[in-house]
Amino acid sequence: MELIPAIDIINGQCVRLTKGDYQQKKVYSADPVSMARQFEAMGFSRLHVVDLDGAKARHIVNTQTLRDITSQTSLIVDFGGGVKTDEDLQLAFSSGAKMVTVGSVAVTQPELMEKWIQAYGASRLVLGADVRQRRLSINGWLEDSEQDILPFIRHYYDSGIRNVLCTDIARDGMLSGPSVDLYRDIMEAFPDLHLIASGGVSCVADLLELQKAGIPAVVFGKAIYEGRIQLENGMLRSGSDEIPIKNL
């Protein structure tokens, strides 16, 4: 299972929200670049970066922070938040992102998403599938749609997309455990999908449960920032449970 730490950015700071609520913001570091370097030193090889200002503004905002992270580390960065236009996507790639997560556009402008798949290749795009009660949410989770997650994934799966980042918004930032049943249902429908689970991870036992369920990858952050998961000698630990940082 691929372990991917997350850095969410507001006003150039590393933050976490609760259930995507911008009013429930906690700042963990004033220097996201330093945090990214720490993750690299711990042994992580990939990083998920979210421009929360961009998601709210509907265009990329924290470009310089992305450039600084990608130029000052060797981490494979996938970037999301505010990618709405051709210019936004080109800016993300030119600022060093290896992959870009696209959510809202994939929901509201499928023809544009299909254009990007053709232009950049499906392997460079991550389908963002953020859900409340299995229905898609968009624009920084400020708006809900009527689209169910499985048909949504099916459409882009048929277009070649294999990387999907799925966040259960009700679990995000809650440290209440991930939505294993949801992720298991997705994997049963799409066995060769590179599904990235997101939301709710509170301890190493949660990571081990996802691994046991056959989930290929997981994004997590708050459990590290809050000290619920300890990092030591290339291992993640909480209580008696441990898991190596390097991909399993």
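Fair warning: this is a prediction, and the values are worked out from it, not measured in the lab.

(A) Region of interest: the overall build of the chain. If you tally the helices and strands in the chain, you get ten helices and 15 strands. For a compact globule of 248 residues, the expected C-alpha radius of gyration is about 18 Å, and the chain comes in at 16 Å, within 12% of that figure. Projecting the C-alpha coordinates of the chain onto the three principal axes gives extents of approximately 50 × 40 × 35 Å. Taking all 248 residues of the chain together, the buried fraction comes to 57%. Considering only intrachain contacts with a sequence separation of at least 6, the fraction spanning at least 24 residues in the chain is 65%. Carbon and sulfur atoms make up 46% of the accessible area of the chain, which amounts to about 10,200 Å² in all. The averaged location of the 32 negative side-chain charges in the chain is 2 Å from the averaged location of its 25 positive side-chain charges.

(B) Seen up close, the sheet that holds strand S15 (residues 241-244). Strand order in this open sheet of three strands is S13-S14-S15, and the pairing throughout is antiparallel. Every other strand in the sheet has two partners, leaving strand S13 (230-232) and S15 as the edge strands with one partner each. Each strand of the sheet is rotated relative to its neighbour by a mean of 25°, with strand direction disregarded. Bridging between strand S14 (residues 235-238) and S15 involves four bridges; their strand directions are antiparallel. What sits directly across from Met-235, in S15, is Pro-244.

(C) Inspection of the state of the cysteines at higher detail. Scanning all chains against the criterion turns up zero disulfides. Of all cysteine sulfurs in the structure, the one in Cys-203 sits closest to Cys-166, which takes part in no disulfide; the separation is 20 Å. Classification of Cys-166 as buried rests on a relative accessible area of 0%.

(D) Main features of helix H9 (residues 204-212). Inspection of H9 places Val-204, Asp-206, Leu-207 and Leu-210 among the buried residues, and these make up the whole buried set. Across the axial projection of H9, the buried residues extend over an arc of 155°, all falling on one side. Those residues of H9 hidden inside the fold are in contact with strand S1 (2-10), helix H8 (180-189), strand S11 (194-198), strand S12 (217-220), S14 and S15. Taken from the residues just after H9, Gly-214 is the one with a positive phi, measuring 80°.

(E) The environment of Asp-192, seen in detail. Assignment of secondary structure puts Asp-192 in the loop between H8 and S11. For Asp-192, a relative accessible area of 47% corresponds to the partly exposed category. Separated by 46 residues in the primary sequence, Asp-192 and Glu-146 place their C-alpha atoms 26 Å from one another. If we skip the residues at most four places from it in the chain, Asp-192 touches Tyr-157 and Arg-162.

(F) Quick look at the packing of helix H4 (residues 86-94) against helix H6 (residues 110-120). Their axes nearest at 11 Å, the elements H4 and H6 cross at an angle of 35°. The interaxial crossing formed by H4 with H6 has right-handed handedness. Contacts between H4 and H6 involve Asp-86, Leu-89, Gln-90 and Phe-93 from the former and Leu-112, Lys-115, Trp-116 and Tyr-120 from the latter. When its residues are assigned to classes, the contact of H4 with H6 shows five nonpolar, one polar and two charged.

Basis of the calculations
- Residues numbered from 1 in each chain as written.
- Predicted model: local features only at pLDDT ≥ 70, side-chain atom pairs only at ≥ 80, totals over all residues.
- Heavy atoms only, no water.
- Helix = DSSP H or I, 4+ residues; strand = E, 2+ residues; numbered from the N terminus.
- Rg over C-alpha atoms; globule rule 2.2 N^0.38 Å.
- Buried < 20%, exposed > 50% of the residue type's maximum accessible area, 1.4 Å probe, protein only.
- Contact = heavy atoms within 4.5 Å.
- Areas by Shrake-Rupley, 256 points an atom, 1.4 Å probe, with all protein chains shown as cover.
- Lys, Arg positive; Asp, Glu negative; His and termini not counted.
- Charge placed at Lys NZ, Arg CZ, Asp CG, Glu CD.
- Pairing = 2+ DSSP bridges.
- Axes fitted to C-alpha atoms, helices over the stretch in contact; angles between N-to-C directions.
- Disulfide = S-S within 2.5 Å.
- Arc of directions from axis to C-beta.
- Left-handed = near helix turned anticlockwise from the far one by under 90°.
- Nonpolar A, V, L, I, M, F, W, Y, C, P; charged D, E, K, R; others polar.

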